[in-house]
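For reference, the chains in residue letters:
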Amino acid sequence: MELRQLRYFVAVAEELHFGRAAARLHISGPALSQQIIALERDLGGQLFGRDRRSVQLTEAGRSLLEDARQILAIAAGARQRVRHRAAEAIPLRLGYVSWLPDDVIACIGPTVSLLIDDWVLPSHVQVGRVAEGSLDLALAWTSAQDAEARGLSAHLLRAEPLRAVCPGVSAVETVPAADVTVLIDSDDWAWSSWHRFAFEFATQVGASIAKIDDGGVSGEAFYAHVRDINAPVLASPKRHTAVAPPSLRYRPVADPIPLWTWSLLHRSDDDRGSVRHAVASLLTLAGNHHWPRPPTDRWWVPSDDPYRAALTSGD
């Protein structure tokens, strides 16, 4: 007696029709009949009464039906537990864009093994990779609509105030948001999330927009644009590998302060204990560093930011 034969038997018992049962099982009618006959021969009793017009369970068939369902349920539960344990043993894959806590592996381990993914890609790409399963977790920017549409849970790990880079030597005075320029690059794929943020910010606070075509939203080209514009330029959350020239300084932006929200993302239906542990550990780390706490002064996030309501209420 095989589990496959029991599945076939239950399907016929529930459908009381070999054709419908065969379609449900995605096998041919003759193959199904042969397996039921083999099961009856193995058990030593007839399970179904058949004629040209109907199929009925025999007394022996009725006595087997409940046992068959229980056996199949036990087998399915065992299979699920084995797969779950095997999945727990696999290291979690964490992707990121440009910011990663320094002590992230120590924070999560040694209870859970964590693998930092080598591919440092834009936010929208990392969001998609979590949704499709090539990453288990990601630190990225997302909108509430995108997270919901992709079946992802988003947790605020950091609300990062963005600063402006300005000509001059003062690094203390704030720059009014309306006096800032934002850079929009011609490569919308690489800078998709930044463009969504920057366009709405400029529209709502009255900041200026400068269109570029050299990828200079970050790096040495960014500082060249600041010198050419000769005015405060909003720095993206992309970490700069190039050192700022002595003639340029970072200054805080105010009225309002632009906040870039870093989400810790995972699939909503991923109920593994390792994922729950990683999320809880990183949220605790973030709380200890006060990363999710917004500034006390007036700040700004996009209208579809996942944490807009929570940041406003102070939760």
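First, a word on scope: everything that follows refers to the structure included in this document. (Residues numbered from 1 in each chain as written. Predicted model: local features only at pLDDT ≥ 70, side-chain atom pairs only at ≥ 80, totals over all residues. Heavy atoms only, no water.)

### Re the overall build of the protein chain
The helix and strand tally for the protein chain stands at eleven helices and 14 strands. A globule of 315 residues ought to have a C-alpha radius of gyration of about 20 Å, yet the protein chain, at 30 Å, is considerably larger. Once the C-alpha set of the protein chain is aligned to its principal axes, its extents read approximately 95 × 40 × 35 Å. Per-residue burial for the protein chain yields a buried fraction of 45% across its 315 residues. Once local pairs closer than 6 in sequence are excluded, the contacts in the protein chain between residues at least 24 apart make up 71%. In the form shown here, the protein chain has an accessible surface area of approximately 16300 Å², with 52% of it arising from carbon and sulfur atoms. Once the 32 positive and 37 negative side-chain charges of the protein chain are each reduced to a mean point, those two points are 7 Å apart. (Helix = DSSP H or I, 4+ residues; strand = E, 2+ residues; numbered from the N terminus. Rg over C-alpha atoms; globule rule 2.2 N^0.38 Å. Buried < 20%, exposed > 50% of the residue type's maximum accessible area, 1.4 Å probe, protein only. Contact = heavy atoms within 4.5 Å. Areas by Shrake-Rupley, 256 points an atom, 1.4 Å probe, with all protein chains shown as cover. Lys, Arg positive; Asp, Glu negative; His and termini not counted. Charge placed at Lys NZ, Arg CZ, Asp CG, Glu CD.)

### Focus on unusual backbone geometry
Working note: non-glycine residues mostly have negative phi, and peptide bonds are mostly trans. In this structure, the amide linkage connecting Asp255 to the following residue, Pro256, adopts the cis form with an omega of 0°. With respect to the element layout, Pro256 can be found in the loop between β12 (248-254) and β13 (257-267). Phi angles above zero are rare outside glycine, and His26 is one such case at about 60°. Along the chain, His26 falls in the loop between α2 (18-25) and α3 (29-43).

### Some details on a nonpolar patch on the surface
Nonpolar side chains collect at one region of the surface, where Met1, Leu3, Leu43 and Ile71 lie side by side and expose about 330 Å² of accessible area between them. Tracing the chain through its elements places Leu3 in helix α1 (residues 3-15). Overall, the relative accessible area of 34% leaves Leu3 in the partly exposed class. (Patch = residues over 30% accessible without salt bridge, like charges linked within 9 Å, V, L, I, M, F, W, Y side chains within 5 Å. Salt bridge = Lys/Arg side-chain N within 4 Å of Asp/Glu carboxyl O.)

### Let's talk about the packing of α2 against α3
Axis separation between α2 and α3 bottoms out at 9 Å; the angle between their running directions is 100°. On the basis of their axis angle, the class for α2 and α3 is roughly perpendicular. Contacts between α2 and α3 involve Phe18, Ala21, Ala22 and Leu25 from the first element and Gly29, Leu32, Ser33 and Ile36 from the second. Counted by class, the contact of α2 with α3 contains six nonpolar, two polar and no charged residues. (Axes fitted to C-alpha atoms, helices over the stretch in contact; angles between N-to-C directions. Parallel < 35°, antiparallel > 145°, perpendicular 65-115°, else oblique. Nonpolar A, V, L, I, M, F, W, Y, C, P; charged D, E, K, R; others polar.)

### Describing helix α6 (residues 123-132)
Of all the ten residues making up α6, seven are buried; the element is thus mostly covered by neighbouring parts of the structure. Note on α6: the residue one or two positions beyond its end, Gly133, has a positive phi of about 100°.

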